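Structure assessment
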Amino acid sequence: MSKVALVIIDLQEDFLPPNGSFAVPHARQLIKPIIKLITEPSFTWSLIIASQDWHPSDHICFASQHNLPPFTETTFKHPCGEIDPDTHLVKTKKQMVLPDHCVEETFGSSLTVQLRLALEEKPGIPKEIVKKGSLPDRQYLSCFADVWGLHKTNMLEILYSNRITDVVFVGLAYDFCVLESAIDSAKNGLNTYVLKNYCRSLHPEKTNATDKKYKENGVKVIDDYSFMELF
Ligand SMILES: [Zn+2]
């Protein structure tokens, strides 16, 4: 029998317009429909997880730490100094620096209040918060691990201990943290779905390319109510 988890990625004030420091366009429209996914009795989730981006104020992904404008690409070194066997140099990744966001214990990093209340008020099923981004020297996108795959969060342990077979992702952003989280979920052998209409993108103009990345990595993109068949 399938056991289905709903995973809500990063529905936090800093990612929400109009005041979030790293707001995803139109993201506030998602709150009501996502709350409905939680509260509607016909969606019989076995587990609900909300991820929470959670950074120290000197986090390496912040533009302010590099004196660069947000969204400038720069080179990040492997946090443990691992050597590339081909070049004999420390491994690197090219990534964008980001607007400072989701600093731990600030309003910006808080889950939006409607989500917190809906989770508190939902009876009878396990609910978990998974924090990501706590180590200052590396970027995190997926709620499973940092971008180097070195520091794992408790995400997989929570899914396994609840014997989850299927994972349904919603939230922010479709082309960023939802994407990387869903890919990691599929890589870990879970049947993985993303509800496209319950996500918003940083770059909606590239949505076809994003859809392709999901599909190439074994994630089913759903844009209608066919996910009801999961229950
Ligand atoms: Zn972040």
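Higher on the page you've got the structure.
Please read these numbers as outputs of a predicted model, since none were measured by experiment.

1. So, the nonpolar core
- Ranked by size, the top nonpolar core spans 56 residues in total, and within it A5, F169, L172 and V178 carry the most contacts.
- Mapped onto this core, the elements with two or more residues apiece are β1 (4-9), α1 (31-39), β2 (47-53), α2 (113-121), α3 (155-161), β6 (166-172), α4 (177-187) and β7 (191-200).
- Excluding its chain neighbours within four sequence positions, the residues that come into contact with A5 are W45, S46, L47, I49, L159, I164, V167 and V168.

2. Points about the sheet that holds β6
- One open sheet holds the 6 strands; their spatial order is β5-β2-β1-β6-β7-β8, and the pairing between them is parallel. Edge positions in the sheet fall to β5 (127-132) and β8 (220-222), since each has one partner strand and no second. Ignoring strand direction, the axes of neighbouring strands in this sheet form an average angle of 25°.
- One ladder, built from 6 bridges, connects β6 with β7; its direction is parallel. Residue L172 lies in a different strand from β7, and its bridge partner there is R200.
- Seen against the sheet, α1 touches β1, β2, β6 and β7 and runs at an angle of roughly 140° to β7.
- This element, α4, spans β1, β6 and β7 of the sheet and lies at about 170° to β6.

3. Details of the pairing of β6
- β6 sits mainly inside the fold: 6 of its 7 residues count as buried.
- Taken together, the 6 bridges between β1 and β6 define a ladder with parallel strand orientation. Each bridged residue has a counterpart across the sheet, and for I9 the counterpart in β6 is G171.
- As for the winding sense of the linkage, the β-α-β connection from β6 through α4 to β7 is right-handed.

Parameters at a glance
Residues numbered from 1 in each chain as written. Predicted model: local features only at pLDDT ≥ 70, side-chain atom pairs only at ≥ 80, totals over all residues. Core = buried A, V, L, I, M, F, W, Y, C linked by C-beta atoms within 7 Å. Buried ≥ 20, exposed ≤ 12 C-beta atoms within 10 Å, placed from the backbone. Helix = DSSP H or I, 4+ residues; strand = E, 2+ residues; numbered from the N terminus. Contact = placed C-beta atoms within 7 Å. Pairing = 2+ DSSP bridges. Axes fitted to C-alpha atoms, helices over the stretch in contact; angles between N-to-C directions. Right-handed = clockwise from strand over helix to strand, strands pointing away.

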